[in-house]
Structures are given as structure tokens and as C-alpha cells.
Amino acid sequence: SVTGKLKVVPAKGVMDWKMNRALEWIRENNILETPLETFLKLAAAAPDLAYAELASIGNAVHQWRELWFNNWIDTGEPDVPSVIDPRPEVIAACGAIARCMVDTGALPLACELKLTSSRLGIGGTLDDLWLVPVRQPDQSIVWETWLVDLKTSASVDNKLSFYLQV
């Protein structure tokens, strides 16, 4: 993702989240049973471990969606694949994507689309490009093209970084 590659997120939101994870770790572990230096190193590492788990969940969801959408684009068949990953967060996120596609009637046009601007000298990856039917006030349907950036980090306390990319 662009966020992951460029590390473009508001510093305060990330720092608050990291501090909360470290404090959570301290609350859950007994400082009296561990030498202070070891305890501090473990507490400092807690946010990175928590972030790695969140990233792992996001990667699993993105991979499932990419497999599904690419198959759908190639075959024209919208068959939803089974979710192999047993983590509840992954199952829930994949289910939400499937429900969104059904509820909106969207059709995937591209998945993990590489975009660049030679004029600006930047590039990145767009998660999805969808064609979505939108009912108008006169009940007619107009098809819109939507640029979709999938967010799977609902556990992160500060959501400001989500809006940076929009």
C-alpha cells in the first residue's frame, strides 16, 4: 500500500497508538518479576509486535480480495472464495468486502493497479477500480467508476491516517 511504502501517516496518531500499546503491555505484565532493563526493552517492542499482527491481518485480507477479484475479472464469475485464515478479524473483513460488493452491485475492473505520474514523479498502487451502479432520483441507473482504497486497520486507535490518502 502507499501508506506502507511511503510511511506517510500523521506522526502524532501513530505515536499515540504506539504508546497505548506499550502501556497496555506494561499493564498486562508483572514488572516485579522481570529485571527493569529487560522489562523496558520488552515494553518498547510491544507496539512493533502489535503493528506486525495488524499488518498481517491486512495482508491476509488484501490477498484474499486480490485472488477473488482477479479471478472474477478473468472469468466473469463472481464466486466468492472461502476464507482460509481462521482469525476472526480476517473472516469479518473478507465478509464485509463480499457484502459490500453484493449490496452495491459493484463490478471489479482492476485490482492492485500500478499508477504513476511522470509529471509529478510519484507512483503507487491503487487497491481497486470498481464499476458501480448508482440509482438516480428518476430511478435510472448511472454507472460510476470508483477508486477504492481498502482499509483493514480498524484496531488502530487514531483514524486520521485513513483520511490522508483520500
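Structure shown above.
Anyway, here's the lowdown on the structure attached to this text.

Analysis parameters
- Residues numbered from 1 in each chain as written.
- Predicted model: local features only at pLDDT ≥ 70, side-chain atom pairs only at ≥ 80, totals over all residues.
- Heavy atoms only, no water.
- Helix = DSSP H or I, 4+ residues; strand = E, 2+ residues; numbered from the N terminus.
- Pairing = 2+ DSSP bridges.
- Axes fitted to C-alpha atoms, helices over the stretch in contact; angles between N-to-C directions.
- Expected span 1.5 Å × (residues − 1).
- Buried < 20%, exposed > 50% of the residue type's maximum accessible area, 1.4 Å probe, protein only.
- Arc of directions from axis to C-beta.
- Contact = heavy atoms within 4.5 Å.

1. Description of unusual backbone geometry
Of note in this structure, E112 is not a glycine but carries a positive phi near 55°. Among the structural elements, E112 can be located in strand β1 (residues 107-117). Here the phi dihedral of Q139 falls at roughly 75°; this positive angle occurs in a residue that is not glycine. Mapping Q139 onto the fold places it in the loop between β2 (122-135) and β3 (141-148).

2. Considerations on the sheet that holds β2
Reading across the sheet, the 3 strands line up as β1-β2-β3 and stay open at both edges, with antiparallel pairing between neighbours. The open sheet has two edge strands, β1 and β3, and neither has a second partner. Strand-to-strand, the axes of this sheet are offset by a mean angle of 25°, without reference to chain direction. Of the strand pairs in this sheet, β1 and β2 are connected by 9 bridges, and their pairing is antiparallel.

3. Concerning helix α4 (residues 88-104)
Helix length check: α4, at 17 residues, gives a terminal C-alpha distance of 24 Å against a target of 24 Å (1.5 Å per residue), a fit within 8%. Listed as buried for α4 are V90, C94, I97, A98 and M101. The buried residues of α4 all sit within an arc of 95° when viewed along its axis, so they share a single face. For α4, the exposed residues lying more than 90 degrees away from the buried face are P88, R99, V102 and D103. Buried positions along α4 lie against α3 (36-75), β1 and β2. After α4 finishes, the residue G105 shows a positive phi value of roughly 75°.

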